[in-house]
Amino acid sequence: MPDTITKLTYQTFQHGKNYFGLAHKYLSSQIMSLVSPQMQRNYRPISPELLLKIQTRLNQLLEADWNDAEKGVYPHSLLFDNPWTDFFRYYPEVWLDMPQIWQRLNQKNYQDFSANVPKDGYPSYYLQNFHHQTNGYLSDLSANLYDLQVELLFGGSADPMRRRILAPLKENLKATGQVRILDVACGTGRTLKLLRNAFPQASLFGTDLSPAYLRKANQELSQIPGELPQLLQANAEELPYLDNYFHAITCVFLFHELPAAARQNVIDQCFRVVQPGGVFVICDSIQMSDSPEMLPVMDSFHETFHEPYYKHYITDDLGQRLEKAGFEDISEQVHFMSKYLIARKPAQ
Ligand SMILES: C[S@@+](CC[C@H](N)C(=O)[O-])C[C@H]1O[C@@H](n2cnc3c(N)ncnc32)[C@H](O)[C@@H]1O
């Protein structure tokens, strides 16, 4: 480990991002209360007790993240990896986009797409302005802003939450030699980048429905050393791969954006394409069953961030869905605002 990278540097770095995220959220909500008082009424303030609990959970996440780097699950350099150039370049765009967002909010218009955005061939549940994004997942601007917006939402902890998939993957990936790992709904490729750092020799694959996000992922991933991940545009409900092909599959922050039937279809598909003995790791939002104390946050999330399937998601039994598909050895973890399900396809 380079001498300059200490736990204190890491914590200071992360808390700096957290405070920036908090300041951003405070400022945007204050401006919104002026521009759209009606919308502001829907935002419920979080109690000081709950804020303290959230802060404790964040500290525990950062501790776990640091410890995994210390154990060598991933290099320390990954702890400081962020697309900084993009963040600086696109932060003004986040603000410039806001008037459009407020307008859609006031009009309760959540399926608003520009005429020049092709919408054919996508499932209807997908054609939404998730997180109030202009043109949903279907524009280059949306893809350019996404990582920054997620970091602002989670106060810089999106990657630490994503990194929690890496230790269970390493523990459960029994295969040796050329392993194949698929990241379902890879978005702009953040998880694939983490996987590349933790598994330098693996063949990586990524699928997503959004051509714009895949272009962004390709642009980001082509800048890092190692074999370029193979990216394909595909609905996760119909994965375009052979049965039993992958040694491991990951899926980060997808399930809360799917209707119930699609959630089962995606799990069934992951079961089909993972090898017997292979591992499937899900990272997604916390749910009622594991974090009832976070109810005030979960309760308003679907409205605050336009997540139409979230309310059902937080009560859905993902473990039961995994079992129904045929997975076994299912275990769960919770870190900060995310939960993790680790499941194995029975060996033949
Ligand atoms: C919240 S983002 C998560 C992206 C990425 N995994 C991450 O960690 O940032 C959800 C992603 O799922 C994709 N998506 C949503 N429904 C999908 C589906 N049915 N099939 C494939 N991708 C889908 C979206 O295009 C988007 O990139």
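You'll find the structure just up there.
Below is a summary of the structure that appears in this document. Model, not experiment: these values are computed from the prediction.

Calculation criteria
- Residues numbered from 1 in each chain as written.
- Predicted model: local features only at pLDDT ≥ 70, side-chain atom pairs only at ≥ 80, totals over all residues.
- Heavy atoms only, no water.
- Helix = DSSP H or I, 4+ residues; strand = E, 2+ residues; numbered from the N terminus.
- Expected span 1.5 Å × (residues − 1).
- Contact = heavy atoms within 4.5 Å.
- Polar contact = N/O pair within 3.5 Å; in protein donor to acceptor, adjacent residues only side chain to side chain.
- Buried < 20%, exposed > 50% of the residue type's maximum accessible area, 1.4 Å probe, protein only.
- Pairing = 2+ DSSP bridges.
- Right-handed = clockwise from strand over helix to strand, strands pointing away.
- Phe/Tyr/Trp six-rings, centres within 6.5 Å; stacked < 30°, edge-to-face > 60°.

## Regarding helix α3 (residues 48-71)
- Along its 24 residues, α3 runs 35 Å from first to last C-alpha, staying within 8% of the 34 Å computed at 1.5 Å per residue.
- Looking one or two residues beyond α3, the residue adopting positive phi is glycine 72, at roughly 90°.

## Side note on the environment of glutamate 257
- In this structure, glutamate 257 sits in the loop between β4 (246-252) and α10 (260-273).
- Along the primary structure glutamate 257 and alanine 185 are separated by 72 residues, whereas in three dimensions their C-alpha atoms are 11 Å apart.
- Ignoring any residue separated from it by four or fewer positions in sequence, one finds glutamate 257 in contact with Tyr125, Phe130, His131, Tyr137, Glu307 and Tyr309.
- In terms of polar contacts, glutamate 257 uses its side chain to reach the side chain of histidine 131, at 2.8 Å.

## Structural notes on the pairing of strand β5 (residues 274-285)
- Counting buried positions over the 12 residues of β5 gives 9, a clear majority of the element.
- Taken together, the 6 bridges between β4 and β5 define a ladder with parallel strand orientation. Paired with threonine 250 across the two strands is valine 281, which belongs to β5.
- As a crossover connection, the stretch from β4 through α10 into β5 is right-handed.
- As defined by bridge partners, β5 adjoins strand β7 (residues 338-344) across 7 bridges and the pair is classed as antiparallel. Within β7, the position partnered with serine 285 by the bridge is serine 338.

## A word on the packing of aromatic side chains
- Overall, the coordinates contain 24 aromatic pairs when judged by the stated rule.
- Ring geometry for phenylalanine 13 versus phenylalanine 80: centroids 5.0 Å apart, planes at 45°, classification tilted. In this pair, phenylalanine 13 is assigned in helix α1 (residues 7-35) and phenylalanine 80 in the loop between α3 and α4 (84-106), connecting sequence segments 67 residues apart.
- Summarising the aromatic geometry, the rings of tyrosine 125 and tyrosine 309 are spaced 6.3 Å apart at their centres and angled 90° between planes, so their arrangement reads as edge-to-face. Of the two residues, tyrosine 125 sits in the loop between α4 and α5 (140-153) while tyrosine 309 sits in the loop between α11 (295-304) and α12 (310-313), which places them 184 residues apart along the sequence. The two residues tyrosine 125 and tyrosine 309 agree in class, both being buried.
- One aromatic cluster is present, formed by Tyr122, Tyr125, Tyr126, Phe130, Tyr137, Tyr146, Tyr213 and Tyr309 through successive ring pairs.

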